[in-house]
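The residues making up each chain are set out below.
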Amino acid sequence: MGTVSSRLPVFPWDRLEPYKATAAAHADGIVDLSVGTPVDPVPALVQKALTDAADSPGYPTVWGTAALRDALTGWAERRLGATGLAHTNVLPVVGSKELVAWLPTQLGLGAGDRVAYPRLAYPTYEVGARLAGAEPVVYDDPWELDPAGLKLLWLNSPSNPTGRVLSADELRRTVAWAREHGVLLFSDECYIELGWEADPVSVLHPDVCGGSYDGIVSVHSLSKRSNLAGYRAAFLAGDAAVLGELLQIRKHGGMMIPAPVQAATIAALGDTEHVGEQRERYARRRTALREALEAAGFRIEHSQASLYLWATRDESCWDTVADLAKRGVLVAPGDFYGTAGERFVRVAFTATDERVDAAVRRLAQ
């Protein structure tokens with residue numbers, strides 16, 4: 001029973017529990033900036049689409065309805081600049097974390113295979129490699145990797161946790177390198193709608209991929225752009241051969257998005273007004289927290305995009321976490337995302353306006 005779990009690192013968030021208890025003891029309550037979970041309402045048009053589709057007694061399909069696939073290809077063409085997408089170039093998935101964790105297994109990777117991801121990265125890339133029995137490998141620049149045995153290369157732009165955005169030139173160079181060496185490239189672009197000081201570019205843009213999707217797949221989520229983390233609505237776009245293989249596997253596994261969520265996804269991707277409104281909320285919170293952190297002696301690095309500020313006082317991340325917890329503010333220690341983050345903390349600006357204001361006051365104390 002413990003054989004598979006023994007391959008995995010300790011679940012990092014469990015280590016934060018004592019600090020969460022300290023922060024929760026604050027007289028004015030906790031300000032939880034540790035997890036980037038949406039707190040604002042699900043857009044009304046999305047809620048309506050969900051409830052209108054509530055009478056869905058039959059099984060949905062893994063590939064989704066034709067209307068859903070139209071919505072996925074249409075959004076990717078409009079927002080990412082992708083050209084010539086067919087239904088075979090998209091695949092809905094049950095939230096992006098599920099996909100990241102199980103992708104190496106679904107690709108048939110195992111012992112002797114290598115999976116690469118950024119040195120500072122979302123922990124689930126490593127988890128996915130270890131679940132499959134493959135070797136996890138970190139990189140600073142992907143084109144400097146040894147391609148021997150490398151089967152899967154993860155990009156993440158905008159980055160979680162740092163908010164760094166890869167330029168079109170960096171993406172183009174990486175795509176060319178991966179194709180040269182026969183390495184499958186997956187690009188996690190779940191924060192692409194949340195650029196602040198940079199305009200994130202997708203690997204599917206013709207300036208990056210040359211108009212061909214061979215060997216590349218991008219990962220997208222509605223959790224952040226549309227406050228749909230609770231709906232588990234995400235999708236892939238790119239190489240039709242890769243997605244076709246995953247579709248066959250996922251059919252056998254019953255990995256299907258509920259029909260009402262498919263309807264909600266169509267509504268969400270067809271509307272830009274709610275995305276702009278949410279961006280404005282996040283922009284206000286980001287500005288307030290950044291100014292407060294800098295006034296409190298923090299330095300902010302990268303953070304050009306995403307829902308986080310990557311902050312440091314040039315001390316152990318756990319010392320920073322402990323100090324802020326005493327003020328009732330909970331943040332994520334940077335070493336959750338790799339040893340290179342051991343002197344940083346990740347500060348999410350997904351709390352309510354009232355809680356962000358409380359954090360700003362406490363940082364000034």
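Residues numbered from 1 in each chain as written. Predicted model: local features only at pLDDT ≥ 70, side-chain atom pairs only at ≥ 80, totals over all residues. Heavy atoms only, no water.

**Student:** It is not clear to me how the sheet that holds strand β6 (residues 184-188) should be interpreted in this structure. Could you clarify?
**Tutor:** Working definition: the strands of a sheet are paired by backbone hydrogen bonds and lie parallel or antiparallel to each other. Taken in spatial order, the seven strands make up an open sheet running β2-β8-β7-β6-β5-β3-β4, and their pairing is mixed. With partners counted over all chains shown, the strands left at the sheet margins are β2 (90-93) and β4 (135-139), one partner each. Strand-to-strand twist across the sheet, computed as the mean angle between neighbouring axes with direction ignored, equals 20°. Note: β6 against strand β7 (residues 216-221), four bridges, orientation parallel. Bridge pairing links Ser-187 to Ser-218 in β7. (Pairing = 2+ DSSP bridges. Helix = DSSP H or I, 4+ residues; strand = E, 2+ residues; numbered from the N terminus. Axes fitted to C-alpha atoms, helices over the stretch in contact; angles between N-to-C directions.)

**Student:** For this particular structure, what's the right way to read the packing of helix α4 (residues 96-106) against helix α5 (residues 124-132)?
**Tutor:** Helix-helix packing is characterised by the crossing angle of the two axes and by the distance between the axes. For the pair α4 and α5, the least separation of the axes is 7 Å and the interaxial angle reads 35°. Crossing of α4 over α5 shows right-handed handedness. Here Lys-97, Val-100, Ala-101, Trp-102, Pro-104 and Thr-105 of α4 lie close against α5, whose contacting residues are Thr-124, Tyr-125, Gly-128, Ala-129, Leu-131 and Ala-132. Residues of the contact of α4 with α5, tallied by class, amount to eight nonpolar, three polar and one charged. (Left-handed = near helix turned anticlockwise from the far one by under 90°. Contact = heavy atoms within 4.5 Å. Nonpolar A, V, L, I, M, F, W, Y, C, P; charged D, E, K, R; others polar.)

**Student:** How do you make sense of α4 when you look at a structure like this?
**Tutor:** Because each turn of an α-helix spans 3.6 residues, side chains separated by three or four positions in sequence point in the same direction. In terms of burial, α4 is largely enclosed, as eight of its eleven residues are buried. Buried residues of α4: Ser-96, Glu-98, Leu-99, Val-100, Ala-101, Leu-103, Pro-104 and Gln-106, and no others. Just downstream of α4 lies Gly-108, where phi reads positive at about 80°. (Buried < 20%, exposed > 50% of the residue type's maximum accessible area, 1.4 Å probe, protein only.)

**Student:** I tried to follow the pattern of salt bridges on my own but got confused; where do I start?
**Tutor:** Oppositely charged side chains can form a pair if their charged atoms are brought close together. Under the counting rule described, the total for this entry stands at 25 salt bridges. Across the pair Arg-250 and Glu-98 runs a salt bridge, and its minimum N-O distance is 2.9 Å. In this pair, Arg-250 is assigned in helix α8 (residues 240-253) and Glu-98 in helix α4, connecting sequence segments 152 residues apart. Under the relative-accessibility criterion, Arg-250 is labelled buried at 0%. Judged by relative accessible area, which is 17%, Glu-98 ranks as buried. (Salt bridge = Lys/Arg side-chain N within 4 Å of Asp/Glu carboxyl O.)

**Student:** Whenever I open this one, the environment of Val-203 confuses me. Can you help?
**Tutor:** Relative to the assigned elements, Val-203 resides in the loop between β6 and α7 (206-209). Assessed through its relative accessible area of 0%, Val-203 is described here as buried. Along the sequence, Val-203 and Ser-218 sit 15 residues apart, while their C-alpha atoms lie 6.9 Å from each other. Discounting residues that sit within four places of it in the chain, Val-203 has contacts with Leu-155, Leu-171, Val-175, Leu-185, Ser-187, Glu-189, Val-208, Cys-209, Ile-216 and Ser-218.

**Student:** How do you make sense of the sheet that holds strand β10 (residues 308-312) when you look at a structure like this?
**Tutor:** Pairing within the open sheet is antiparallel, and its four strands lie in the order β9-β10-β13-β12. Two strands bound the open sheet, and with one partner strand each, they are β9 (299-301) and β12 (332-333). As paired elements, β10 and strand β13 (residues 345-348) share four bridges and run antiparallel to each other. Within β13, the position partnered with Trp-310 by the bridge is Arg-346. This element, helix α10 (residues 273-295), spans β9, β10 and β13 of the sheet and lies at about 5° to β10.

**Student:** For this particular structure, what's the right way to read the environment of Arg-285?
**Tutor:** Within the element layout of this structure, Arg-285 appears in helix α10. Here Arg-285 falls in the buried class, since its relative accessible area comes to 3%. Residues within four places of Arg-285 in sequence aside, it is in contact with Val-39, Asp-40, Gln-278, Phe-349, Ala-351, Thr-352, Asp-353 and Val-356.

**Student:** What is the right way to look at the pairing of β4 in this model?
**Tutor:** A regular strand carries its side chains on alternate faces of the sheet. The sheet contact formed by strand β3 (residues 114-118) and β4 spans five bridges and is parallel. By the bridge assignment, Ala-116 is partnered in β4 with Val-137. Between the parallel pair β3 and β4, the chain is carried across by α5, and the sense of this crossover is right-handed. (Right-handed = clockwise from strand over helix to strand, strands pointing away.)

**Student:** What is the right way to read the packing of aromatic side chains from this model?
**Tutor:** The description of two aromatic rings rests on the distance between their centres and on the angle between their planes. In this structure the tally under the stated criterion is 14 aromatic pairs. Between Tyr-122 and Tyr-125, the ring centres sit 5.7 Å apart and the planes meet at 80°, which makes this aromatic pair edge-to-face. Taken individually, Tyr-122 and Tyr-125 each receive the classification buried, so the pair is uniform in this respect. The interplanar angle of 80° and the centroid separation of 6.5 Å between the aromatic rings of Trp-310 and Tyr-337 together place this pair among those described as edge-to-face. (Phe/Tyr/Trp six-rings, centres within 6.5 Å; stacked < 30°, edge-to-face > 60°.)

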